[in-house]
Amino acid sequence: MSNLSQFFGGGQKVQIFTSSGTWVCPAANTKVHVLVIGAGGGGGGGGLGAGTGGAGNASSFGALATANGGTGGGSGGSVGTINGGTGGTGYNNGSPGGNSVTTYQMGYGGKGGEGVLGFGTGGYGGQTTNSTYGAGGGGGSGNVSTYTGTVSSNQTVLVGTGGSAGTSAPFNAKGSDGAVIVWWE
């Protein structure tokens with residue numbers, strides 16, 4: 001359990017889940033505030049057959065709050081095209097991959113969508129290794145959900161894992177994992 005009382009206030013307790021587990025309810029009718037962050041989507045691969053990035057997985061706090069993961073970035077254009085892949089969608093969308101303009105300028109991968117508090121960031125898209133094809137799009141960041149209310153029982157916490165990257169290199173990356181943050185008095 002992380003103690004961030006100087007940030008959240010003197011009498012509150014905070015627990016940050018970066019992996020799945022159980023939040024233990026200290027007493028009946030405990031007032032809680034919950035921030036749920038889904039995992040980021042993976043960056044798309046650059047070029048022919050590079051593949052789209054995988055979707056990030058959802059995070060949840062029991063049945064009270066669920067946040068879906070971001071979608072993966074699209075792969076770069078295939079044979080005869082130079083267009084970059086589309087950016088993934090989420091709380092913040094990923095950027096599209098760059099187009100390859102000429103035989104001497106290859107497209108750069110799109111930036112992944114920015115996560116919340118450093119969690120659930122989308123992966124970067126892959127740069128092309130051949131100027132005939134476009135670069136991969138960045139993955140979308142994980143979506144966000146909140147809950148404020150009372151809880152009287154332990155809650156199962158699920159933290160989503162980041163989506164896989166498309167298959168080509170260089171520079172494309174998987175999305176980052178989500179998180180669940182709970183604070184209570």
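Fair warning: this is a prediction, and the values are worked out from it, not measured in the lab.

Focus on the overall build of the protein
- Along the protein, the regular secondary structure elements total 1 helix and 8 strands.
- Ordering the α and β elements of the protein from the N terminus gives α-β-β-β-β-β-β-β-β.
- Within the span of the protein, comprising 185 residues, buried residues form 48% of the whole.
- Of the contacts made within the protein by residues no fewer than 6 positions apart, 71% connect residues no fewer than 24 positions apart.
- Carbon and sulfur atoms provide 52% of the accessible area of the protein, an area that totals close to 8300 Å².

Here's the deal with the sheet that holds strand S5 (residues 65-67)
- Taken in spatial order, the 4 strands line up as S2-S7-S4-S5 in an open sheet, and their pairing is antiparallel. In this open sheet, the two edge strands, each paired with only one partner strand, are strand S2 (21-23) and S5. Neighbouring strand axes in the sheet, compared pairwise and without regard to direction, differ in orientation by 20° on average.

Quick word on the side chain of Ser 141
- With respect to the helices and strands, the residue Ser 141 is situated in the loop between S5 and strand S6 (144-151).
- For Ser 141, a relative accessible area of 0% puts it in the buried group.
- A polar atom in the side chain of Ser 141 sits 2.8 Å from the backbone nitrogen of Asn 92.
- Only 3.4 Å separates the side chain of Ser 141 from the backbone oxygen of Glu 114, close enough to count as a polar contact.

Examining the environment of Gly 49
- For Gly 49, the position within the fold is in the loop between strand S3 (30-37) and strand S4 (59-61).
- Overall, Gly 49 belongs to the exposed group, its relative accessible area being 68%.
- Placed 28 residues apart in sequence, Gly 49 and Gly 77 show a C-alpha to C-alpha distance of 9.0 Å.

So, the packing of aromatic side chains
- Following the criterion strictly, the structure yields 2 aromatic pairs and no others.
- An angle of 80° between the planes, with centres 5.3 Å apart, marks the rings of Trp 23 and Trp 184 as edge-to-face. Linking Trp 23 in strand S2 with Trp 184 in strand S8 (residues 179-184), this pair joins segments that are 161 residues apart in sequence. We note that Trp 23, like Trp 184, is buried.
- Among the aromatic residues, those joined into a cluster by ring pairs are Trp 23, Phe 61 and Trp 184.

Regarding the sheet that holds S8
- The antiparallel open sheet is built from 4 strands, whose spatial order is S1-S8-S3-S6. Since the sheet does not close on itself, it has two edges, and those belong to strand S1 (13-17) and S6, each with one partner. For this sheet, the mean angle separating the axes of adjacent strands, direction not counted, is 15°.

A word on the nonpolar core
- Ranked by size, the top nonpolar core spans 16 residues in total, and within it Trp 23, Val 32, Val 34, Phe 61, Val 180 and Val 182 carry the most contacts.
- Contact partners of Val 180, with chain neighbours within four places excluded, come to Gln 15, Ile 16, Phe 17, Val 34, Leu 35, Val 36, Ser 59, Ser 60, Phe 61, Val 157, Leu 158 and Val 159.
- With 8 residues, the next largest nonpolar core counts Leu 35, Ile 37, Ile 181 and Trp 183 among its residues.

Considering the pattern of salt bridges
- Evaluation of the coordinates by the stated rule reveals 1 salt bridge.
- Here Asp 177 ties to Lys 174 by a salt bridge, and the two come within 3.6 Å at their closest N and O atoms.
- Taking relative accessible area as the criterion, Asp 177 reaches 32% and is therefore assigned partly exposed.
- Judged by relative accessible area, Lys 174 falls into the partly exposed class, the value being 47%.

Here is what the cut-offs are and how they apply
- Residues numbered from 1 in each chain as written.
- Predicted model: local features only at pLDDT ≥ 70, side-chain atom pairs only at ≥ 80, totals over all residues.
- Heavy atoms only, no water.
- Helix = DSSP H or I, 4+ residues; strand = E, 2+ residues; numbered from the N terminus.
- Buried < 20%, exposed > 50% of the residue type's maximum accessible area, 1.4 Å probe, protein only.
- Contact = heavy atoms within 4.5 Å.
- Areas by Shrake-Rupley, 256 points an atom, 1.4 Å probe, with all protein chains shown as cover.
- Pairing = 2+ DSSP bridges.
- Axes fitted to C-alpha atoms, helices over the stretch in contact; angles between N-to-C directions.
- Polar contact = N/O pair within 3.5 Å; in protein donor to acceptor, adjacent residues only side chain to side chain.
- Phe/Tyr/Trp six-rings, centres within 6.5 Å; stacked < 30°, edge-to-face > 60°.
- Core = buried A, V, L, I, M, F, W, Y, C linked by side-chain atoms within 4.5 Å.
- Salt bridge = Lys/Arg side-chain N within 4 Å of Asp/Glu carboxyl O.

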